[in-house]
Amino acid sequence: MFSLMLLLLLLPQGSIIHNIVLHGVNLDLGGALVQSVVLLQHSKTFTGLFLNLVPSVQSACLTCVHVTFLCQVSSHILKICNTWTDDSKLSRSQPQVPYKEQDQMDCFVIHWRFLTAVLSCCLLISGGSAENDSKPNILLIMADDLGIGDLGCYGNDTIRTPNIDRLAKEGVKLTQHISAAAFCTPSRTAFMTSRYPIRSGMASESSVPVILWNAASGGLPNNETTFAKILQKQGYTTGLIGKWHLGVNCENRTDHCHHPLYHGFDYFYGLPYTLVSDCRPGLPSEIMPKLQDELLFLNQVIGLGLLSLILGRLAGLLPVGWKVIGLLSFCGTLCFLSWYIPFGLFRQWNCIIMKNNDVIEQPFEIEEASNDLLQEAINFIERNKERPFLLYFSFMHVHTPLSEDKRFAGKSKYGQYGDTVEEMDWIIGEITDSIKRLSLENKTLVYFTSDHGGHLESRQMGKQTGGWNGVYKGGKGMAGWEGGIRVPGIFKWPGVFQAETTINEPTSLMDIYPTVVSLAGGTLPEDRTIDGRNLMPLLLGRTHRSEHEFMFHYCGSYLHAVRWHPKNSDAVYKAHYVTPIFSPEGAVGCYNTRYCMCYGPGVMHHDPPLLFDISVDPSEMHVLSPQTEPKYYNIIKQLQAAVEEHNNTLTDVPKQMSFYNVIWKPWLQPCCGTFPFCSCSKNSEMHSADDPN
C-alpha cells in the first residue's frame, strides 16, 4: 500500500500511470478507506484487540489488508482502462477537453488527505505494536541449590521435571550457564547488579560466606542499581515473590535500607532471609555448628563449675565468697545468652515471612509457605495482566530442609530430594499455566535457573539431601569447579525464540540484567563496570558467539579460577589458581566440614595453575601440560594478563560481609509485635499491609 501511494507522489503528473492511479483513488476508493480509518481510530475495542495479537498475526492481518487494497485498486484500474478505451473511440468524433489546473489541484489535495489518513492509521497500528512488543512481561524463576543434573532436560532420568523440560523444548537451553559465585548471597548479588560481588563489597573475606541473620547490618548497598530499579522507571510493575537473602536493615529495624522495596521492587512477599534446617523443629542446626558446639561446651563447663562452687560453699568445703559466686554466675549467664539468643531463638528471628515492609508470619510453616508463595505469584500476574510486569519468583526449593508435602511424598525415584524437585517443577507448571490461561504466553519472556550448583555434602540421617551436578566436578561452595557454578539456563518466548535451540557458549547469570534492561528500553548505568552482556543477539540466533572472552570465578573475595574462550576458537580453557582440599581423602567434596573453605588451610594453591580445556573435558579430569598442549605457555600468559587487567578494574568499597556486618544485632531485628516478644501467624490482624498493586 505504501509503495503504491509513494509511486503516486513520485510519478510525473500527466503520465499515463499517474492518471490511472489518480483516477482510481477518485472513484470512491479513497473515501471508503478514509471511512475505515475513522472507524479504526474510534474503535478502541478493535485497536486494543489488534495490538494484543502476536506480532506474526499482526503482520498477517496487515498483509490481508494490503492484498485486499491492491485487488480493489486493480479492479478500479481495469474499469478506468475500459472507460478510457470507450472515450478514445468517442474522441475520433469529439475533441478531448484537457484538465483544468484547479481540477488537478483538487485531485492532489484529495490524494494528500487520503495518504495522510492511511499513514496515520498505519503509524497508529505499528507504533502501538512496537511499544507493546518492546515491553514484554518478564518472569524470572530461580531455584535454590538445584544441581544442573537434577533436570530431565539436562540428562536426569530418575526425577520427573516435565514442566521445566517443556520450557527447554519450547525455547532455548544454555549448556554453559555460569553463576558468579557458589553461595547464595554473592550469587544473587551478581544476578541483581550484573557485577561481580567483590565490586559491591558482598564477597566475604571470612569463613561466613552469606548473610546469616535478618538482624545483620550487611546487605546489598544503597548505591547499587538493580535491574528492577531500571525496569520500574521504564513503566514496569515489579514484584519479588520468595527468597531475598540480601539483607534488610542498616541502623534500625525499620529503615529497610537493604530491603527489596528499596531496590526497585513495587511488591515483596516472601523470605527476607532463606530456608535452613533450623526453620523446622527437630532437625540439626546448620548455622555455624562448630561455633555452637564450642559455646555449648563452654556453657556446660561453666555450669558444672558454678554448681561445684555453690555445693562446696554450702558444705563448708570451699571458702568462696558469695560475691565471687554471683560474679561468676553473671558471666555464665552472659555466656549462655550469647548462645541462646542468636542460636537458640534462630527460628524465631530468621524464619519469617514479610509482605512488603511488614512481618506477617513469625515463624512460618514451611509447607504452607510453599503454597502461599505460589498463590502470591499467580495473584501478582493476574493483577498486572493489563500492563508490563517483572516478576522475580525466587524459590525456597530445593534448599534444606526438604519438602514434606504429602502430595509429592514418595513420588520420585530419588527419595525426598527428588520429591522436592518434582514439587518445584509442579509449581513452575502452575505459574506458567496461569500465564497461558491469561493469554500472556506470547508476550512473556520466561527464564529459569539456579543460584549455584547442588550441595553435595548435604546429608541427614545418612541420606543424601543435596543435588546432583551431573558430570561436573564439585558443588555448592566450590567456586572454581564446574559443579559449583554451572547451572541450568532456560529461556522461552513463543514467536521470538526458536524452539528446541541449544547454545553451548559461555554465558552468565549476570547477563540477565543487560538482557531485560534492553528489552524494557532502558539503559545500563554508565558510572560503573557492568560485567554481564546482553544475550538477545545470541538467543535470537543473530550471532553464534558469546561476548564473554574471560570469566572470573571467586570464592568469597578470593579468585580461584579464570575461564578463557579465545576468539575464533571453540576451546574454553580454565585455569585453577586455588582449589579446596576435599575431605575425607579420596572424596569429591568437603564432607568433614559440610562446606569447602575459600582460603586458609582448607585450600591448595597452584603455581602454575591447573589448566583444563572444558570444551572437551567438562569433568575437568585431564590437566593440560606443555607436553599435551602446544599452546600451554601462551594460554597461561593470556590468562595471567586477563587477571591483571581485571584487578585494575576493582576499587575499594565498604565490606558488607565483615564480621561486624554479619553478626546478629537486636536493634535491627524485624519483629511482628513488641521486641523481643516477636510472634504472629499469617492470619494475624496485628500487621496488615495494603497491596500497592
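Residues numbered from 1 in each chain as written. Predicted model: local features only at pLDDT ≥ 70, side-chain atom pairs only at ≥ 80, totals over all residues. Heavy atoms only, no water.

On the secondary structure map, E376 appears in helix α12 (residues 366–383). R383 provides the closest opposite charge to the buried, unpaired E376, separated from it by 4.9 Å. Setting aside residues up to four positions removed in sequence, E376 forms contacts with I241, Y267 and Y269. (Helix = DSSP H or I, 4+ residues; strand = E, 2+ residues; numbered from the N terminus. Buried < 20%, exposed > 50% of the residue type's maximum accessible area, 1.4 Å probe, protein only. Lys, Arg positive; Asp, Glu negative; His and termini not counted. Salt bridge = Lys/Arg side-chain N within 4 Å of Asp/Glu carboxyl O. Contact = heavy atoms within 4.5 Å.)

Here we take up the sheet that holds strand β16 (residues 573–580). With antiparallel pairing, 4 strands are arranged side by side in an open sheet as β14-β15-β16-β17. In this open sheet, the two strands that pair with only one neighbour each are β14 (550–555) and β17 (603–613). Sheet twist, expressed as the average angle between the axes of neighbouring strands with direction ignored, equals 20°. Across 7 bridges, the pairing between β16 and β17 is antiparallel. What sits directly across from Y573, in β17, is D613. Set on the sheet, helix α17 (residues 632–648) makes contact with β14, β15 (558–564), β16 and β17; between it and β14 the angle comes to about 70°. (Pairing = 2+ DSSP bridges. Axes fitted to C-alpha atoms, helices over the stretch in contact; angles between N-to-C directions.)

With that settled, consider the state of the cysteines. For the structure shown, the criterion picks out 6 disulfides. Sulfur-sulfur distance for the disulfide between C555 and C598 comes to 1.9 Å. Here the S-S torsion is close to -60°, and the disulfide linking C555 with C598 is therefore left-handed. In this pair, C555 is assigned in strand β14 and C598 in the loop between β16 and β17, connecting sequence segments 43 residues apart. Residue classification places C555 among the buried residues on the basis of a relative accessible area of 3%. Put simply, C590 and C596 are joined by a disulfide, and their sulfur atoms are 1.9 Å apart. On the sign convention where negative means left-handed, the S-S torsion of about 95° between C590 and C596 marks this disulfide as right-handed. Here the disulfide map of the protein reads 1-2, 3-4, 5-8, 6-7, 9-11, 10-12, the bonded cysteines being numbered as they appear in the sequence. Looking at the unpaired C335, the closest cysteine sulfur is the one in C331, lying at 9.3 Å. With relative accessibility at 12%, the residue C335 sits in the buried group. (Disulfide = S-S within 2.5 Å.)

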